[in-house]
Amino acid sequence: MSDALKIAYSPCPNDTFVFHAWAHGKVPGAPALDVTFADIDLTNGWAAERAGGSPAASAGEEFDILKVSYAVLPWVLEEYALLPCGGALGRGCGPLVLTREPGEAKDLAGKTVAVPSERSTAYLLFRLWAADEVPGGVGEVRVLPFDEIMPAVRDGRVDAGLVIHEARFTYRDYGLSCLADMGEHWEHTTGLPIPLGAIIARRSLGAERLRELAAAVRESVRMAWDDTEASRAYVLEHAQEMDPAVADQHIGLYVNEFTADLGEDGYAAVRGLLTRAAAEGLVPPLGRGALDFV
């Protein structure tokens, strides 16, 4: 695998579905991949460390291609290019704020909220929502692994939790209520799809190589759609004991036309999120042309 490109993406069903064909050498002419599975909070950190020249970036975590949150782009776009495909955007797929009892946004004023990361798209959407809807703002923000958030809310260790991924389908199993849908707020205020996860690749690979990688991603997506059963074993192997029906819902929600190509609305959503977040002081401002592909 010495000549293979190093890639890191999550074990979530949308990523394994998208990359199955390429990772298994089924995309004609595409380079081989050396795959590492990692939670997106880890890949965000690896990208930011490398882009910032941190010594931690030399500890073996140097990847050619990474799945990251759109929220981390302002820190990494000098080192990495955003690929125009392969990521997760959509409608009706935003993060949720969960509580033990039904309530209203104002009830979160001064309360403790668990979040999966402070450098994630979910967190940016939450902060933009809270700025509009929670008088005086929330209280303590506590970072927990995303699979620990719902139990923490259920057990009363935090007042509310920000959840992502398949938690949209399973939070009722914990006896929790949805206080607010960050995606609904975003779509209502902008009319744009919700930008969640991005695929980035090292700019040092060169423009021609980057175009080849984008083409390989698109073909891998097309092949996944053409034969949805081909990836099933791979998806379920890495889905952390997820119910197959939930895995199918997950793929149906997060793999869509924006995965094949960001398009005008996709790029507008990414620019909109990062511009609004920069105005709130949550991320550095984007440089001119930072999102442009080669």
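These lines cover the structure that appears in this document, whether it is placed above or below. Bear in mind the structure is a predicted one, so any value in this text is a computation, not a measurement. (Residues numbered from 1 in each chain as written. Predicted model: local features only at pLDDT ≥ 70, side-chain atom pairs only at ≥ 80, totals over all residues. Heavy atoms only, no water.)

1. Here we look at the packing of helix 4 (residues 121-133) against helix 12 (residues 263-279)
Two numbers describe a pair of packed helices, the interaxial angle and the distance between the axes. It is the contact of helix 4 with helix 12, at a shortest axis distance of 10 Å, that shows an interaxial angle of 60°. As far as their axial angle goes, helix 12 and helix 4 are oblique. Between helix 4 and helix 12 lies a crossing of left-handed hand. Seen from helix 4, the contacting residues are Thr-121, Leu-124, Leu-125 and Leu-128; seen from helix 12, they are Leu-273, Leu-274, Arg-276 and Ala-277. Taken together, the residues that form the contact of helix 4 with helix 12 break down as 6 nonpolar, 1 polar and 1 charged. (Axes fitted to C-alpha atoms, helices over the stretch in contact; angles between N-to-C directions. Helix = DSSP H or I, 4+ residues; strand = E, 2+ residues; numbered from the N terminus. Parallel < 35°, antiparallel > 145°, perpendicular 65-115°, else oblique. Left-handed = near helix turned anticlockwise from the far one by under 90°. Contact = heavy atoms within 4.5 Å. Nonpolar A, V, L, I, M, F, W, Y, C, P; charged D, E, K, R; others polar.)

2. Here's the deal with the sheet that holds strand 6 (residues 96-99)
Ordered by their spatial adjacency, 5 strands build an open sheet running 8-7-9-6-10, and the pairing between neighbours is mixed. Looking along the sheet, the strands with just one partner apiece sit at the ends: strand 8 (141-143) and strand 10 (177-181). Mean inter-strand twist for the sheet, computed between neighbouring axes without regard to direction, equals 30°. With 3 bridges connecting them, strand 7 (residues 113-115) and strand 8 associate as parallel partners. (Pairing = 2+ DSSP bridges.)

3. With respect to the pairing of strand 2 (residues 33-37)
Two strands pair when backbone bridges link them, and strand 1 (residues 5-9) and strand 2 are joined in this way by 5 bridges, in the parallel orientation. Bridging from a neighbouring strand, Lys-6 pairs with Asp-34 of strand 2. Once the chain exits strand 1 it traverses helix 1 (residues 13-23) before rejoining the sheet at strand 2, and the crossover so formed is right-handed. (Right-handed = clockwise from strand over helix to strand, strands pointing away.)

4. Quick notes on the nonpolar core
Within soluble globular proteins, side chains that are nonpolar tend to cluster in buried spots. Leu-66, Tyr-70, Leu-73, Leu-82, Val-97 and Trp-129 are the most contacted members of the largest nonpolar core, which has 59 residues in total. Among the elements that line this core, the one with the most residues is helix 4, at 8 residues. Core analysis: the second largest hydrophobic core is formed by 31 residues, Leu-5, Ala-201, Leu-210 and Tyr-234 among them. (Core = buried A, V, L, I, M, F, W, Y, C linked by side-chain atoms within 4.5 Å. Buried < 20%, exposed > 50% of the residue type's maximum accessible area, 1.4 Å probe, protein only.)

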